[in-house]
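Remarks on the overall topology
Letter by letter, the chains look like this.
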Amino acid sequence: MFIQQPFDEFLGFQYERTETGEVTVTLPVKPLHVNSAGVVHGGIISTLADVALSNTMKPDMNGKQTSVTLDLNVTFLKGAKSDQLIAYAEIIKAGKTLTHAECRITDAAGVLVAKAKGIFFNT
């Protein structure tokens, strides 16, 4: 099960749990995701990272998130011009109160376009 949010559905995210504490989230890129420079908007990439990182922690039985983002750092490495972006996220350290997770975002060819890390407060 993954966090159920209308915004994520609007963006078209597709989820796959690869291991406990690891997820892959795919974004089929649409014209509305692309900025005037012809690359995927940084806000979309940041959202993809945040969603992937947040979903490393399983939601409750009602599909509600069990953590909130305290800190999110995204480093953009290359302009994304692909028709698909894939975020690979994993928990690095899960504590009682805080969870640390990292994410790599690649284009359809496997080229790394961004990296992210986050700290989450477990509610």
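Residues numbered from 1 in each chain as written. Predicted model: local features only at pLDDT ≥ 70, side-chain atom pairs only at ≥ 80, totals over all residues. Heavy atoms only, no water.

Considerations on the overall build of the chain
From N to C terminus, the chain includes 2 helices and 6 strands. Along the chain, helices and strands appear, N-terminal first, in the series α-β-β-α-β-β-β-β. At 14 Å, the chain has a C-alpha radius of gyration in line with the 14 Å of a compact globule built from 123 residues. A principal-axis box enclosing the C-alpha atoms of the chain has dimensions of 40 × 25 × 25 Å. A total of 123 residues make up the chain; the buried ones form 41% of that total. (Helix = DSSP H or I, 4+ residues; strand = E, 2+ residues; numbered from the N terminus. Rg over C-alpha atoms; globule rule 2.2 N^0.38 Å. Buried < 20%, exposed > 50% of the residue type's maximum accessible area, 1.4 Å probe, protein only.)

Topic: the nonpolar core
In terms of nonpolar packing, the biggest core is built from 28 residues, with Leu48, Leu85, Cys103 and Ile105 touching the most fellow members. Breaking this core down by element, the ones donating at least two residues are strand E2 (22-28), helix H2 (42-54), strand E4 (84-94), strand E5 (98-107) and strand E6 (112-122). In terms of residue count, the dominant contributor to this core is H2 (7 residues). Once residues lying within four places of it in the same chain are set aside, the contact partners of isoleucine 105 are Ile45, Leu48, Ala49, Leu85, Ile86, Ala87, Val111, Leu112, Val113 and Ala114. (Core = buried A, V, L, I, M, F, W, Y, C linked by side-chain atoms within 4.5 Å. Contact = heavy atoms within 4.5 Å.)

Brief notes about the UniProt feature "domain: Thioesterase" (unreviewed entry) in the chain
As annotated by UniProt and renumbered to match this structure, "domain: Thioesterase" (unreviewed entry) occupies residues 38-113. Regarding residues 38-113, the helix share stands at 17% and the strand share at 43%, and the terminal C-alpha atoms are separated by 14 Å. (UniProt positions renumbered as here; feature names shortened; annotations may be inferred.)

Some thoughts on the sheet that holds strand E3 (residues 67-76)
A sheet is described by the order of its strands in space; here 6 strands give the open sequence E1-E2-E4-E5-E6-E3, paired in antiparallel fashion. Looking at the sheet topology across the chains shown, the edges are occupied by strand E1 (14-19) and E3. For this sheet, the mean angle separating the axes of adjacent strands, direction not counted, is 20 degrees. Of the pairings in the sheet, the one linking E5 to E6 comprises 9 bridges and is antiparallel in character. Bridging from a neighbouring strand, histidine 100 pairs with isoleucine 119 of E6. The strands that H2 touches are E1, E2, E3, E4, E5 and E6; relative to E3, the one it contacts most, it runs at about 135 degrees. (Pairing = 2+ DSSP bridges. Axes fitted to C-alpha atoms, helices over the stretch in contact; angles between N-to-C directions.)

Considering the environment of arginine 17
Positionally, arginine 17 belongs in strand E1. For arginine 17, a relative accessible area of 22% corresponds to the partly exposed category. Among the polar contacts listed, one links the side chain of arginine 17 to the backbone oxygen of asparagine 55, at a separation of 3.2 Å. (Polar contact = N/O pair within 3.5 Å; in protein donor to acceptor, adjacent residues only side chain to side chain.)

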